[in-house]
Amino acid sequence: MTQKLQEITGVTVEHETTFKDLTTLRIGGSPRATVHCETAEAAVAALRVLEEVPYLVVGGGSNLVVAEGELEQVVVRLDFDDIDVSVASGLVRADAGATWDDVVSMTVECGLGGIECLSGIPGDAGAVPVQNVGAYGAEISDVLTQVYLFDRATGEASWVPAAALELAYRYSNLKFTGRGVVLAIELQLTTDGLSKPLRFGQLTQTPGERRPVAEVREQVLSLRRSKGMVLDDADHDTWSAGSFFTNPIVDSAVADRIQEIVRTERGAEDADRMPRHAVHAGSDGEEIKLSAAWLIERAGFAKGYPGAGPATLSTKHTLALTNRGTATAADVVALAREIRAGVAKRFGVELVPEPVWIGVSI
């Protein structure tokens, strides 16, 4: 395998890099090898060679929980990172290896709107469609037009429309399926210099308001920094996988029951503040999206829980599980299990982890 890979122009293979080096949680053992691809063409050739080998494409490593020790996976790194922006049309193409926040920054500087609310999210552009990244009322599905995808079934790469990805809340049919590898993305942004209509309460008191994109970006970055969600090597609150659990979607009756539990135990004022957002109303009734962070806090887990140890909740945000400097995968998993079990016991809702798990499970 190694010899075939090294014969490909634009591909190098090394064995020094570990998952601890590659992930924002800074945990994980050693992959079988790390394969660096300098171009999309090199990546396609390398992925064809690796078809019979378990491999994992790793970008910013911001959504991974990886076991310790020697792992069987080969890591693939997409080291091509061009960003092409058309100011006139608002069309943006970014290579998979481009740092996502660089894409956002460049488009904002060009006065394009649509992804300013996704500022500060760690990781590379190729990972963004995989779980339909979203924040502050925006999702990549709002602006994604197509992806340049290596299809594992055919061994070929082609542009695939966003509609073929079945994008939903933190989901696409690329996630967990091994369908293919995103090599580039294309976005259609607006050209009037204004943000997308704002819906998130911390960004606006006037739902639907549009403001200058640079202003919104700075506000989002400020909010994310206050929650430890902008990477900083010196701040252990950012040694995390971001939001560790997805916000649960439940029947309206379940949401009502949870609200009444809180009303009885914590009072009407706190219960009335419970975040609940209608996401679907059909023949089976209304579905409500709840806040995982709010449930975690009301289940008794405060910021910084348990207060000491190698892995704790962030001191800034209860939805982030953090490595305080010496944590292993086992430490993070144990904390995740405790949090999930506590919320399930208290409210009867089982939280779903957002990261991808490699060699370990919750």
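Basis of the calculations
Residues numbered from 1 in each chain as written. Predicted model: local features only at pLDDT ≥ 70, side-chain atom pairs only at ≥ 80, totals over all residues. Heavy atoms only, no water. Pairing = 2+ DSSP bridges. Helix = DSSP H or I, 4+ residues; strand = E, 2+ residues; numbered from the N terminus. Axes fitted to C-alpha atoms, helices over the stretch in contact; angles between N-to-C directions. Parallel < 35°, antiparallel > 145°, perpendicular 65-115°, else oblique. Contact = heavy atoms within 4.5 Å. Nonpolar A, V, L, I, M, F, W, Y, C, P; charged D, E, K, R; others polar. Phe/Tyr/Trp six-rings, centres within 6.5 Å; stacked < 30°, edge-to-face > 60°. Buried < 20%, exposed > 50% of the residue type's maximum accessible area, 1.4 Å probe, protein only. Lys NZ or Arg CZ within 6 Å of the ring centre and 35° of its normal. Polar contact = N/O pair within 3.5 Å; in protein donor to acceptor, adjacent residues only side chain to side chain. Expected span 1.5 Å × (residues − 1). Arc of directions from axis to C-beta. Salt bridge = Lys/Arg side-chain N within 4 Å of Asp/Glu carboxyl O.

A word on the sheet that holds strand β5 (residues 74-78)
- Strand order across the open sheet formed by four strands is β1-β2-β5-β3, with mixed pairing between neighbours. The sheet is open, and its two borders are formed by β1 (11-14) and β3 (55-57), each paired with just one other strand. Going from strand to strand, the sheet's axes swing by 25° on average, the running direction of each strand aside.
- Across three bridges, the pairing between β3 and β5 is parallel. Paired with Val57 across the bridge in β5 is Val76.

Points about the pairing of strand β7 (residues 91-95)
- Judged from the three bridges that link them, strand β6 (residues 83-85) and β7 form a sheet pairing that is antiparallel. Counted as the bridge partner of Val85 is Val92 from β7.
- Turn length for the β6-β7 hairpin, with the two strands adjacent in sequence and antiparallel, is five residues, and the turn residue Gly90 shows positive phi of about 80°.

Concerning the packing of helix α4 (residues 100-109) against helix α5 (residues 213-226)
- Between α4 and α5, whose axes approach to 9 Å, the crossing angle comes to 150°. Here α4 is positioned roughly antiparallel relative to α5, judged by the angle of their axes. Here α4 contributes Asp101, Val104, Ser105 and Val108 to the contact with α5, which in turn contributes Val213, Ala214 and Arg217.
- Residue classes in the contact of α4 with α5 are distributed as four nonpolar, one polar and two charged.

Here's the deal with the packing of aromatic side chains
- Taken as a whole and assessed by the stated rule, the structure comprises five aromatic pairs.
- Taking 4.9 Å as the distance between ring centres and 90° as the angle between the ring planes, the aromatic pair formed by Tyr136 and Phe200 counts as edge-to-face. Here Tyr136 is found in the loop between β8 (134-135) and β9 (138-139), whereas its partner Phe200 is found in the loop between β12 (180-188) and α5, with 64 residues between them in sequence.
- For the ring pair Tyr148 and Trp159, a centre distance of 5.3 Å and an interplane angle of 40° mean the geometry is tilted. Of the two residues, Tyr148 sits in strand β10 (residues 144-151) while Trp159 sits in strand β11 (residues 156-161), which places them 11 residues apart along the sequence.
- On the basis of relative accessibility, which here comes to 30%, the residue Trp159 falls in the partly exposed class.
- The ring of Trp239 carries the charged tip of Arg26 above its face, separated from the ring centre by 4.2 Å.
- The cationic tip of Lys289 hangs over the ring face of Tyr169; the distance from NZ or CZ to the ring centre is 4.1 Å.

Quick look at the side chain of Asp101
- As for its placement among the helices and strands, Asp101 is situated in helix α4.
- A residue is classified by how much of its surface remains accessible, and Asp101, at 18% relative accessible area, is buried.
- Engagement of the side chain of Asp101 in a polar contact is seen with the side chain of Arg217, the distance being 3.0 Å.

Describing the sheet that holds β12
- If you trace the five strands from one edge of the open sheet to the other, you get β6-β7-β12-β10-β11, paired in antiparallel fashion. The open sheet terminates on both sides in strands that have one partner only, identified here as β6 and β11. If you compare each strand with its neighbour and ignore which way they point, the axes differ by 15° on average.
- Pairing of β7 with β12 involves five bridges; the strand directions are antiparallel. In the sheet register, Arg93 faces β12, and the bridge partner there is Glu186.

Some details on α5
- Compared with the 20 Å implied by 1.5 Å per residue over 14 residues, the 20 Å span of α5 between its first and last C-alpha is a close match.
- Restricting attention to buried positions, one finds in α5 the residues Val213, Val216, Arg217, Val220, Leu221, Leu223 and Arg224. An end-on view of α5 places all buried positions within 160° of arc, on one side of the element.
- Buried residues along α5 sit against α4 and β8.

A closer look at the pattern of salt bridges
- Going through the model one piece at a time under the given rule, you end up with 24 salt bridges.
- Here Arg324 ties to Asp237 by a salt bridge, and the two come within 2.9 Å at their closest N and O atoms. One end of the pair, Arg324, is in the loop between β17 (321-323) and α9 (329-347); the other, Asp237, is in the loop between α5 and β13 (249-251), with 87 residues separating them in the sequence.
- According to the relative accessible area criterion, Asp237 is buried, its value standing at 2%.
- Several salt bridges share partner residues, and in doing so they unite Arg266, Glu269, Asp270, Arg273, Glu297 and Arg298 into one network.

Description of the pairing of β10
- For β10 and β12, the ladder comprises seven bridges, and the chain directions are antiparallel. Note that in β12 the partner of Leu144 across the bridge is Leu187.
- Bridging between β10 and β11 involves six bridges; their strand directions are antiparallel. What sits directly across from Gln146, in β11, is Pro161.
- Hairpin connection, β10 to β11: the antiparallel pair is bridged by four residues, and Gly155 has positive phi, about 75°.

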